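# Descriptive analysis of the structure
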Amino acid sequence: GKYKQQKRHSRLEAINETNMFAARAASRTTAMATRRTAAATTTKRSNQTVPRLANLEEMKAEAVAQLRARVRRQKEIMDATGHSEAEELAEMWKWIKISFAVATPVCVASVIKDLTLIDHAHRPHGPLPDYMAIQTKEFPWECETCALFDLECWKKCREEQAAENA
């Protein structure tokens, strides 16, 4: 009883698995066939094509035909625009002049603003507050507490050294 049921159940599972694999294979086959037909009916266009393999004269003829087709298409595009090269140059120079007419006053105004209205931060005169004058080790020159370009500190240090030596 129980053994026969298990055997029957395992046979049904095997049949179901077989059907499942067959269905997967069939769907893959139809998908691949669909892709092939789609690829055969639609060709990708690019600006660079390679002649088909054939003898040398046929390849040259096909390359020349492709070049002529490209030149013909370019002439169609040029004819469709409707203006000459001189008109395009005039339009270009018009926009260059407009750009300079807009950019020059903006640049001049920003320079004037920066020079007149913005207060530039400089180092305050006099001794620095303690939190800004933290020094973990002494500098390796004669005035060990003076920064390299702190001329007032150097002047005081040299005067102190001269007073000590005198």
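A short tour of the structure in this document, coming up. As the structure is a computational prediction, the values presented were derived from the model and not from experiment.

## Examining the overall build of the protein
- Looking only at helices and strands, the protein features four helices and zero strands.
- Element order for the protein, N to C, with α for helix and β for strand: α-α-α-α.
- When each of the 166 residues of the protein is scored for burial, the buried share is 4%.
- Within the protein, contacts between residues at least 6 apart in sequence are counted, and of these 5% link residues at least 24 apart.
- Here the protein has roughly 15800 Å² of accessible surface; of this, 61% comes from carbon and sulfur atoms.

## Concerning the state of the cysteines
- Within the structure shown, the criterion is met by two disulfides.
- Shown here is the disulfide that connects Cys143 with Cys157, its sulfur atoms set 2.1 Å apart. Taking the sign of the torsion about the S-S bond as the criterion, the disulfide between Cys143 and Cys157, at about -100°, is left-handed. You can see Cys143 sitting in the loop between helix 3 (85-116) and helix 4 (151-165) and its partner Cys157 sitting in helix 4, a full 14 residues away along the chain. By the burial criterion, Cys143 is buried, and Cys157 matches it.
- Disulfide partner of Cys146: Cys153, at an S-S distance of 2.1 Å. Between Cys146 and Cys153, the disulfide has an S-S torsion of -75° and is therefore left-handed.
- By relative accessible area, Cys153 is classed as partly exposed at 22%.
- Taken N- to C-terminal, the disulfide-bonded cysteines of the protein are connected 1-4, 2-3.

## Focus on helix 2 (residues 56-81)
- Between its first and last C-alpha, helix 2 extends 38 Å over 26 residues, near the 38 Å set by a 1.5 Å rise per residue.
- Downstream of helix 2 by one or two residues, Gly82 has phi in the positive range, about 85°.

## Focus: a nonpolar patch on the surface
- There is a patch of nonpolar side chains on the surface, built from Trp95, Ile98, Val102 and Val106 and spanning about 390 Å² of accessible area.
- Among the secondary structure elements, Trp95 is positioned in helix 3.

## A short note on the environment of Asn55
- Here Asn55 is to be found in the loop between helix 1 (2-41) and helix 2.
- We classify Asn55 as partly exposed; its relative accessible area is 41%.
- From its side chain, Asn55 meets the backbone nitrogen of Glu58 in a polar contact 2.9 Å long.

## Digging into the pattern of salt bridges
- Tallied over the full model, the rule gives four salt bridges.
- Put simply, Lys94 and Glu91 hold a salt bridge, and the shortest N to O gap is 3.4 Å. On the criterion of helical spacing, the pair formed by Lys94 and Glu91 is a turn pair, its members being three residues apart in helix 3.
- By relative accessible area, Lys94 is classed as partly exposed at 39%.
- Its salt-bridge partner being Glu142, residue Arg158 comes within 3.5 Å of it at the nearest N-O pair. One end of the pair, Arg158, is in helix 4; the other, Glu142, is in the loop between helix 3 and helix 4, and 16 residues separate them in sequence.
- Relative accessible area serves as the criterion here: at 47%, Glu142 is assigned to the partly exposed category.

What counts as what
- Residues numbered from 1 in each chain as written.
- Predicted model: local features only at pLDDT ≥ 70, side-chain atom pairs only at ≥ 80, totals over all residues.
- Heavy atoms only, no water.
- Helix = DSSP H or I, 4+ residues; strand = E, 2+ residues; numbered from the N terminus.
- Buried < 20%, exposed > 50% of the residue type's maximum accessible area, 1.4 Å probe, protein only.
- Contact = heavy atoms within 4.5 Å.
- Areas by Shrake-Rupley, 256 points an atom, 1.4 Å probe, with all protein chains shown as cover.
- Disulfide = S-S within 2.5 Å.
- Expected span 1.5 Å × (residues − 1).
- Patch = residues over 30% accessible without salt bridge, like charges linked within 9 Å, V, L, I, M, F, W, Y side chains within 5 Å.
- Salt bridge = Lys/Arg side-chain N within 4 Å of Asp/Glu carboxyl O.
- Polar contact = N/O pair within 3.5 Å; in protein donor to acceptor, adjacent residues only side chain to side chain.

These figures capture arrangement, not role.
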